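# Coordinates in review
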Amino acid sequence: MTENTTGGAVPAPPPGIERLASVTAAARHGDSLIFVYGSGTNDAFADPAHRICDIEECLWEVLHAAGYERIAYYSSHQSLYFRDDESRRRLYPTRAAKAADPRKLSSSPDSAGSPDGAGSGRPRMRPAFANKGPFGDRIVTRQPGAPAAGETAAAEGEASGSGEAAADRAGPGGRGLDAIRRMASSLVLPELRRFVAAGQPRTALVFSDAEEAIRHFDEGQGEGRLLAEFFARVVSFRRGAEHTCVLVFRSDSLDQAHAAIDRLREVPALADKARALLDRPGGGSPAGQVGLPDEQELTRLIHCLRLQEGLRIADWKGLAGTARAMTAARHEARDWLRWLRGLAREGLPLDQEALYARGHVTRTGRSTLSVWKQLDRLEGLEPVRDHVRRLGAQVAAEAELRRLGRIGPNVEPGSNHLIFSGNPGTGKTTVARLIGELYRDVGVLRGGQVEEVLAKDLIAEYVGQTGARTSAAIDRALDGVLFIDEAYQLSEQRERGFGGEAIDTLLARMENDRDRLVVIAAGYPDRMEEFLDSNPGLRRRFPESNVITFPDYPPPVLLKILLRRLEERGVTCTPELAAQLETVVAGLHRTRREGFGNAGTMRNVADDLFGNWSRRVGKQVSQPADTTDMPSSLQAYLQPALGSAADLFGELDAMTGLQPVKEQVRGLIAQIRLAQRRRRPGLEVIAPHMVFLGPPGTGKTTVARLVGDIFRKLGLLTRGHVIEASRAQLVAGYIGQTAEKTTAVIEEAMDGVLFIDEAYTLSRSEGGNDFGREAIETLLPEMENRRGRICVIVAGYTREMEDFLDTNPGLASRFTERVEFPNYDSPELMQILEGMAVAEGFSLDASARARAWRWLNVARERDGDKFGNARTARNLLGIMRRHLAQRALDLPDDSPELDIFTGQDVPDA
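Bear in mind that the values here come from a model prediction, so they are computed numbers and not experimental data. (Residues numbered from 1 in each chain as written. Predicted model: local features only at pLDDT ≥ 70, side-chain atom pairs only at ≥ 80, totals over all residues. Heavy atoms only, no water.)

Attention now moves to the overall build of the protein. Within the protein, the secondary structure is distributed over 38 helices and 21 strands. Split into buried and exposed, the 909 residues of the protein put 50% on the buried side. Partitioning the contacts of the protein with sequence separation of at least 6, the portion at a separation of at least 24 is 74%. (Helix = DSSP H or I, 4+ residues; strand = E, 2+ residues; numbered from the N terminus. Buried < 20%, exposed > 50% of the residue type's maximum accessible area, 1.4 Å probe, protein only. Contact = heavy atoms within 4.5 Å.)

In structure tokens:
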């Protein structure tokens, strides 16, 4: 026995139905007004005594166990009625003899006999419930057309018998339902006020369809005011009051229930009470919410049908997993009753496979395979599969240790929250769904459903809204997984937005709901590290051992995804196209950058190819896709059909001089072409890193551009562009910034050539700092990690470059090709000078050529190793242009001398 809040002793309540826990708590506390709402108010229930019942029977049990001595029900269709004789007797003690009137005692089938809603008329009480009163399985109510309002009127004026007369007149063929409702509203309200009067036994009034009942009262003549007064009185009762009103709304949320009340505007006290619950800190109060059945209730439901209707169990050891799978499917109990009865009628045993086959339970995504079979099929994700298997074994072992009592109930379990780190399209969402199912099967989660959100879905635009939005997403994920993709956006908006508020809310709920929630945060590897570092609590919730790295798919897996997508769209490929697609996929994989879409990229390629194919074939869809359908954007990944040597080396051969350079480049390209033509397995043909040695002005930058173009034509580089950089572009003035600048330049040069002139300056300290070496240390690993994606060419004076290569052991081994650039001789310099002049529309007369020859030779002798070669010739041309301009001031516009350099224009040697 326990003592209620009014001082009376009540029996200790039996174990209740889990989804009515908040209603039970409110009843035991003596709340004067209890809102009951949610998807479960129209559902069937399996109680701890393995009885199937409806919401009214459940509420009778809850209220009776809480010490309420009389319990009455009101609905818009049945007026006032009772579910047990004791309540009726306590309400009408002087008319107990009339309780046996057959017009007031229904003998129609009980809803317990048809728990999923079958049966008609007023239900007969289930046998176990009927033992509570002397009327057996009969329920005190009206017959159709004879409203209980007649009884209530008779109770008010027993001597006159007016109530029974009214009931008689409203019988079959009488006024009909509208008249019954008007009579109910006028006669029942006074009765309701009398029930909750001071000094009466503890009374509970249950409005079984609160929305309809209140609306019908409001439609009466003046009854809206009486109803408002009634609820104002009920609301004013203190907690622990003698009486209570239970309002059963068919709304899914308290917000909807409040809106239904507020629209009537006749019961302000009731609307204010609902609003007060909604405005409690942390959002709407869950008190009175009736949701879907949980694992324990569905297990009882299975046993009810096993005992009563012969449902067979296929695998007793797997029964708990079956119940968890049913819970995760989030169906109402009445649906499960119908489906399980179907299995029983067909003589089929219950197990997960039977439920999967009928579509009542679905696996992750569209698969009907078990978690472990799906894991085995994760191609290209072997590290992920191994990590998930280890995780599954760990949580299963911990659950078994707890079952055996070797781990105490107060020992906090290890963290189950996970970080998924990887590029898009690597299966992170698919594996998150598998994790939900895995955690459900081993008992970590009751439901295992996955609530998928983006970080931006949690962040609001105004102060205070982000916490509520984040909490709402968590509420939807309770008993399952909250999967946050692009989670790093929360930390990136920590200072300039409301991402910090979302993180704080998330951390608090991860702690408070740790038994009901698993969070999986996903995103790019580098940015997820920044996310974890943004708040110390994140590292504690997501330990390093729970970080799962998703690698990019290898080319064979990517090709399978591409071909599968084409097959799904009904397209076949010719063998020639299939071979080209293999080459293209390998190229896409080799040239991928951060954020590579993996499976998403393959779907895009397939869809582009489908578009080209469909335009070509029209309605002749039996034709396969062929090489002509290859998207033009992918042609760069195919090895081109090379023409003559002139096509490949034409521009290089046209350069003045540099015969040793031309021979070295030709020899290198010949070796590359031989390797490409031999196609030996395991032999990767890539663009080599190179060193250009020689004095300035000998064409090193120009040759680097030509080499980039040749490598593009050979298919070694998809772009072949050249990014020129010097120390200034690579080195910063502060610690840590040099690596960022160098990495940015490398990214810009991807799939082309990075040309670093005077590279030896990187190995020299300037101004007391050594940041140039930081640039070298950043460059070296990228040259190895991005082999085939970038060609690095370093250039400078021969002696200085030799010293540079000796400063770091890794430099010499990375640069496998060295090209010596000699000085130009005098005839070559004159050819270069005249070539540059002709390109600008000028010519040199004999005197200009002679003076220029002498000027260049003197400059060579004067400058020695610092002589600029073609650069010096370009400088001379600039001087000659200025002299001609000054001389031409007095010449007419049509004078031919405007385009001719003479000896007067060449400076003295």
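Moving on from the coordinates now.
For the rest of this paragraph, the subject is the sheet that holds strand E13 (residues 517-523). Read from one edge to the other, the open sheet built from five strands follows the order E11-E12-E13-E10-E14, with strand pairing classed as parallel. Looking at which strands have only one partner, the edges of the open sheet turn out to be strand E11 (450-454) and strand E14 (547-550). Across this sheet, the average inter-strand angle for adjacent strands is 20°, counted without regard to direction. By the bridge criterion, five bridges tie strand E12 (residues 480-485) to E13 in an arrangement that is parallel. (Pairing = 2+ DSSP bridges. Axes fitted to C-alpha atoms, helices over the stretch in contact; angles between N-to-C directions.)

For threonine 362, the position within the fold is in the loop between helix H15 (352-357) and helix H16 (371-376). Owing to a relative accessible area of 59%, threonine 362 belongs among the exposed residues under this scheme. For the pair threonine 362 and alanine 328, spaced 34 residues apart in the sequence, the C-alpha separation amounts to 9.2 Å.

So, on to the packing of aromatic side chains. This model, assessed by the stated rule, comprises 11 aromatic pairs. Between the aromatic rings of phenylalanine 692 and phenylalanine 821, the centroid separation amounts to 4.9 Å while the plane-to-plane angle is 45°, which identifies the pairing as tilted. With a gap of 129 residues between them, phenylalanine 692 in strand E15 (residues 689-693) and phenylalanine 821 in the loop between strand E19 (815-820) and helix H36 (826-839) connect regions that are remote in the sequence. Ring plane angle 35° and centroid distance 6.3 Å describe the contact between tyrosine 760 and tyrosine 797, whose orientation is recorded as tilted. Here the residue tyrosine 760 occupies a position in the loop between strand E17 (753-757) and helix H33 (771-785), and tyrosine 797 occupies one in the loop between strand E18 (791-796) and helix H34 (798-806), the gap between them amounting to 37 residues. Members of the aromatic cluster, joined through ring pairs, are Phe420, Phe483 and Phe550. Lying over the aromatic face of phenylalanine 610, arginine 569 brings its terminal NZ or CZ to 3.8 Å of the ring centre. (Phe/Tyr/Trp six-rings, centres within 6.5 Å; stacked < 30°, edge-to-face > 60°. Lys NZ or Arg CZ within 6 Å of the ring centre and 35° of its normal.)

Another aspect to go through is the environment of methionine 602. Relative to the helices and strands, methionine 602 resides in helix H27 (residues 599-617). The spacing of methionine 602 and isoleucine 561 is 41 residues in sequence and 6.5 Å in space, taken between C-alpha atoms. When near neighbours in sequence (up to four residues on either side) are disregarded, methionine 602 contacts Leu558, Ile561, Leu562, Val585 and Leu588.

With that settled, consider the environment of asparagine 423. Counting through the fold element by element, asparagine 423 comes out in the loop between strand E10 (418-422) and helix H18 (428-441). For asparagine 423, a relative accessible area of 9% gives the class buried. Separated by 130 residues in the primary sequence, asparagine 423 and tyrosine 553 place their C-alpha atoms 9.8 Å from one another. What asparagine 423 contacts, discounting residues up to four positions off in sequence, is Lys428, Tyr524, Phe550, Asp552, Arg593, Glu594, Gly595, Phe596 and Asn598. Among the polar contacts made by the side chain of asparagine 423, one reaches the side chain of aspartate 552 at a distance of 3.1 Å. (Polar contact = N/O pair within 3.5 Å; in protein donor to acceptor, adjacent residues only side chain to side chain.)

So, about the sheet that holds strand E8 (residues 203-207). Judged by pairing direction, the sheet is mixed, and its five strands sit side by side in the order E3-E9-E8-E6-E7 without closing on themselves. Two strands lie at the open edges of the sheet, namely strand E3 (33-36) and strand E7 (79-82), each paired on one side alone. Sheet twist, expressed as the mean angle between neighbouring strand axes with direction ignored, is 20°. Lying on the sheet, helix H2 (residues 55-65) is in contact with strand E6 (70-75), E7, E8 and strand E9 (244-248); it crosses E6 at an angle near 150°.

What follows concerns helix H23 (residues 525-533). Of the positions making up H23, those classed as buried are Met528, Phe531 and Leu532. Looking straight down H23, one finds its buried side chains confined to an arc of 95°; they lie on one side. Of the exposed residues in H23, those oriented more than 90 degrees away from the buried face are Asp526 and Asp533. At its buried positions, H23 is contacted by E10, helix H21 (488-492), helix H22 (499-512), E13, helix H24 (536-541) and E14. (Arc of directions from axis to C-beta.)

Next up on the list: the state of the cysteines. Enumeration according to the criterion identifies zero disulfides in this entry. Cysteine 53 takes part in no disulfide bond, and the closest cysteine sulfur, belonging to cysteine 58, lies 3.3 Å away. Classification of cysteine 53 by relative accessible area gives buried; the value is 3%. (Disulfide = S-S within 2.5 Å.)

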